[in-house]
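# Analysis of the macromolecular model
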Amino acid sequence: MDAGLLEQMLLGALLGLSVYLPLRCGQLSLATPGFFAIGGTVAALLSTRVPALAGSGSTYPITSVLLEMALAALLTGVLALGLGRVVLRLRGIYLAIATIALVEILRVVTLNLEFTGGALGIFGIPQPFNSAAGYAAFTLALLALICWLCDRLEKTRPGRAMAAIRDDELAAASQGINTADTKLLAFVLSALVAGITGVVAAHFLNSWNAKLGNFDASITTLAFVVFGGSRTWLGPVFGGLLLTALPELLRPVGDLRLIVFGAVILVGPLFFPQGVITPELFKWFKPRIGGITTAAAQGVKQ
Amino acid sequence: MEGLLQLLFNGLSVGAVYALFALGYTLVFSVLGVINFAHGAIFTMGAYFTYLLIGGAVGANGLLAGLQFPFALPFWLALPLAGIAAAAVALVVERIAFRPLRDRGSDPLLALITSLGAGVILVNLIQLLVGAESYSIPVGTLGSLPAALSIAGAKVRTVQVMLLAISGLLLAALSIWINGSRSGKALQAVSEDPVTAQLLGINSARVIQIAFGISGFLAGMAGGLVGLSISIAGPYFGIGYGLKGLGVLVLGGLGSVPGAVLGGLIIGLAEACVPADLSGYKDAVSFGFLFLVLLVRPQGLLGRPQANKV
């Protein structure tokens, strides 16, 4: 497979995880492309305007990329902390639309400011890797790390609190869960993932402009999660990988490819209302060792 | 004074289109509780239907290159017919993207994605059939009407006056229908509680279809009017309006018909007030406004607050 496509798929999976984190907490936030755009802009500005980061070698040093990621994470994290307090008072579709409004405001401001390059954006972002394969390896490592963190999160107290809020916010609050702080945590983590992904994407794409964080991106990333499933971190990763690759894989059908893409998004939720990847799927695949105890446990549950 | 009047007219005519757009969203939202993301594509469809019906020819890039209807209808006839065609498209969208989910009792949130899929299909179908170029509806289709009128010293384009008049007429007809007719009252009952409405003998499925049909009709008319007053900028041009309509919808209050009108006019006026040298920030102004209103009044200007249910 083409390494460039693989890299795009991996970036799609990371963005899927960013939308997934608040959704796992029951919060439909579509702010991901906004924070993604901030991360990308930070990387584009730092790497093209700060000579000290460029190093002496022929390629751009990876340590500088890591530094950009840290700064992007800091910026998006602080911003999400401030904004999250305010927007998370909204619920359901209202939250979704408020976050779409945020993304649009950010896009318009980036489009009009001088130092972000206006409509054309910033060009000639230096390359830390000589090939798309290098990017893919780096992003794969990043994705693995974030997946591992998500997996840990789901098995610890804050992660379980998020699931509880998703199922019933009032019941969770009555059990002593600080719902406001837990939701804020999910929102900030989502922003961090999106910001860091933006840094990688900016270097990979070589140029950055305001179009990369728009309403379309909000909806496409949401489709990753709804299609893949929002109950375990594997869902958005699967959805992000598959739906990013799909328009490319459909190249043989030519002009029809985006129509087929639309049809897949349309039909997917009908057959997989919980998303393709659900926790039940794992149970089905688990080797049936100690079948009696499992059966007994299931009997108790029923 | 003339300047102020001009500003008012510019703002109101844009706002009227936003209001028509948001009303389509609101009708579907009030019966189903979800947003139809294919609405922008249906609006685009309406614009292309209008263009074809007035006798416009398809450019050289699509599958239908060179297609031209053997007749050329006047604009006043083409516009409602395009609205009806758009309503038919909306009914198809309901059938393929919304009804299967309802039949299976799925999470309503999924309709956001299925309707998005329907929108992607529609937009790309347009691109495939008629190409990506922009089309414009010649002002000559208005017949002997002058291009601009002079009202109290302000020069106003005839198209803007028409936009305002037609939108006003549609809004009035809609509110009379909702409050005065049997089917309009059935719509209100379904939006209050679909299950109870069904128990009382209202055919909820039929009411939902009516809501989609009217929503598509309004979107199609709005598309034709915008096509006439600005131009049809390509298959994707409905998306920007779709987004703005969403803002208008929430500003006025989800599910509130007067709210959608008020929200549209406010955003239209707010945009018209942005000075020309800052026009790049126009969209940020309306969304910033929306954001602030949401924080102070989460239910929107005329919406009902959400109750905390146990």
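What you see is a predicted model; the values in this text were computed from it and never measured. (Residues numbered from 1 in each chain as written. Chains lettered and ligands numbered in written order. Predicted model: local features only at pLDDT ≥ 70, side-chain atom pairs only at ≥ 80, totals over all residues. Heavy atoms only, no water.)

Okay, the UniProt feature "transmembrane region" (unreviewed entry) in chain A next. Residue and element names in this part refer to chain A. The UniProt record marks residues 6-23, 35-54, 60-81, 93-113, 133-150, 184-205, 217-246 and 258-277 with the feature "transmembrane region" (unreviewed entry), using the residue numbering of this structure. What you have in residues 35-54 is 75% helix and 0% strand, and the ends, taken at the C-alpha atoms, are 24 Å apart. Helix makes up 70% of residues 258-277 and strand 0%, and the two end C-alpha atoms of the span are 24 Å apart. (UniProt positions renumbered as here; feature names shortened; annotations may be inferred. Helix = DSSP H or I, 4+ residues; strand = E, 2+ residues; numbered from the N terminus.)

All names here are of chain B. Examined against the element boundaries, Ser256 turns out to sit in the loop between helix H9 (237-252) and helix H10 (257-272). A residue is classified by how much of its surface remains accessible, and Ser256, at 10% relative accessible area, is buried. Ignoring sequence-local partners within four residues, the contact set of Ser256 consists of Thr26 and Leu302. (Buried < 20%, exposed > 50% of the residue type's maximum accessible area, 1.4 Å probe, protein only. Contact = heavy atoms within 4.5 Å.)

Attention now moves to the layout of surface pockets. Residues and elements named next belong to chain A. Estimates place the volume of the second largest pocket at around 1,400 Å³. Lining the second largest pocket are 46 residues, and of these Asn214, Asp216, Ala217, Thr220 and Phe261 sit closest to its centre. Residue contributions to the lining of the second largest pocket peak at 8 residues, all from helix H9 (residues 215-228). For the lining of the second largest pocket, the class distribution of residues is 29 nonpolar, 13 polar and 4 charged. (1 Å grid on protein atoms, 1.4 Å probe; cavity = no way out; pocket = protein on both sides within 12 Å on 5 of 7 lines; lining within 4 Å. Points joined across faces, edges and corners; volume = space filled by probe spheres on them. Nonpolar A, V, L, I, M, F, W, Y, C, P; charged D, E, K, R; others polar.)

Okay, the state of the cysteines next. Residue and element names in this part refer to chain A. What the rule picks out here adds up to 0 disulfides over all chains. Just so you know, Cys147 is unpaired, no disulfide at all, and the nearest cysteine sulfur is the one on Cys150, 6.4 Å from it. Judged by its relative accessible area of 6%, Cys150 falls in the buried class. (Disulfide = S-S within 2.5 Å.)

Further remarks concern unusual backbone geometry. Notably, Asn206 of chain A is not glycine yet its phi reads approximately 80°, a positive angle. Looking at the secondary structure, you find Asn206 of chain A in the loop between helix H8 (179-205) and H9.

As a further point, take the interface of chain B and chain A. Opposite the 44 residues of chain B that make contact, chain A presents 41 residues. Buried area between chain B and chain A, summed over both chains or domains, comes out near 3,900 Å², and the portion from carbon and sulfur atoms is 81%. There are 0 salt bridges connecting chain B and chain A. If you look at where chain B meets chain A, you find 2 residue pairs in polar contact (both at pLDDT 80 or more). Elements with a minimum of two residues in the side of chain B that touches chain A: helix H3 (75-104), helix H4 (110-130), H9 and helix H11 (282-296) of chain B. Top contributing element to the side of chain B that touches chain A by residue count: H4 of chain B, with 12 residues. (Buried area = accessible area lost by both parts, 1.4 Å probe. Salt bridge = Lys/Arg side-chain N within 4 Å of Asp/Glu carboxyl O. Polar contact = N/O pair within 3.5 Å; in protein donor to acceptor, adjacent residues only side chain to side chain.)

Strand residues, when the strand is regular, have side chains that alternate between the two faces of the sheet. Residue and element names in this part refer to chain B. Burial along strand E2 (residues 154-157) is one-sided: Ala154 and Val156 are buried, and none of Lys155 and Arg157, which face the opposite way, are. Note that strand E1 (residues 148-151) and E2 share 4 bridges and pair antiparallel. Residue pairing across strands places Ala148 opposite Arg157, the latter belonging to E2. (Pairing = 2+ DSSP bridges.)

On to the side chain of Thr99 of chain A, then. Mapped onto the secondary structure, Thr99 of chain A falls in helix H4 (residues 92-112). Apart from residues lying up to four places away in sequence, Thr99 of chain A is in contact with Leu28, Ser29, Leu30 and Ala31 of chain A.

Counting 187 residues, the largest nonpolar core has Leu17 of chain A together with Ile35 and Val93 of chain B as its most contacted members. Contacts of Leu17 of chain A, omitting those with residues within four sequence positions, involve Leu143, Ile146, Cys147, Cys150, Trp233, Pro236 and Val237 of chain A. (Core = buried A, V, L, I, M, F, W, Y, C linked by side-chain atoms within 4.5 Å.)

Between its first and last C-alpha, helix H3 (residues 62-87) of chain A extends 35 Å over 26 residues, near the 38 Å set by a 1.5 Å rise per residue. Within H3 of chain A the residues assigned to the buried category are Ser64, Val65, Glu68, Met69, Ala72, Ala73, Thr76, Gly77, Ala80, Gly84 and Val87 of chain A. At its buried positions, H3 of chain A is contacted by helix H2 (32-49), H4, helix H5 (132-155) and H8 of chain A together with H11 of chain B. (Expected span 1.5 Å × (residues − 1).)

Residues and elements named next belong to chain B. By the element assignment, Ala90 lies in helix H3. Separated by 125 residues in the primary sequence, Ala90 and Ser215 have C-alpha atoms spaced 7.5 Å apart. Residues in contact with Ala90, not counting those within four places in the same chain, are Ile42, Phe212 and Gly216.

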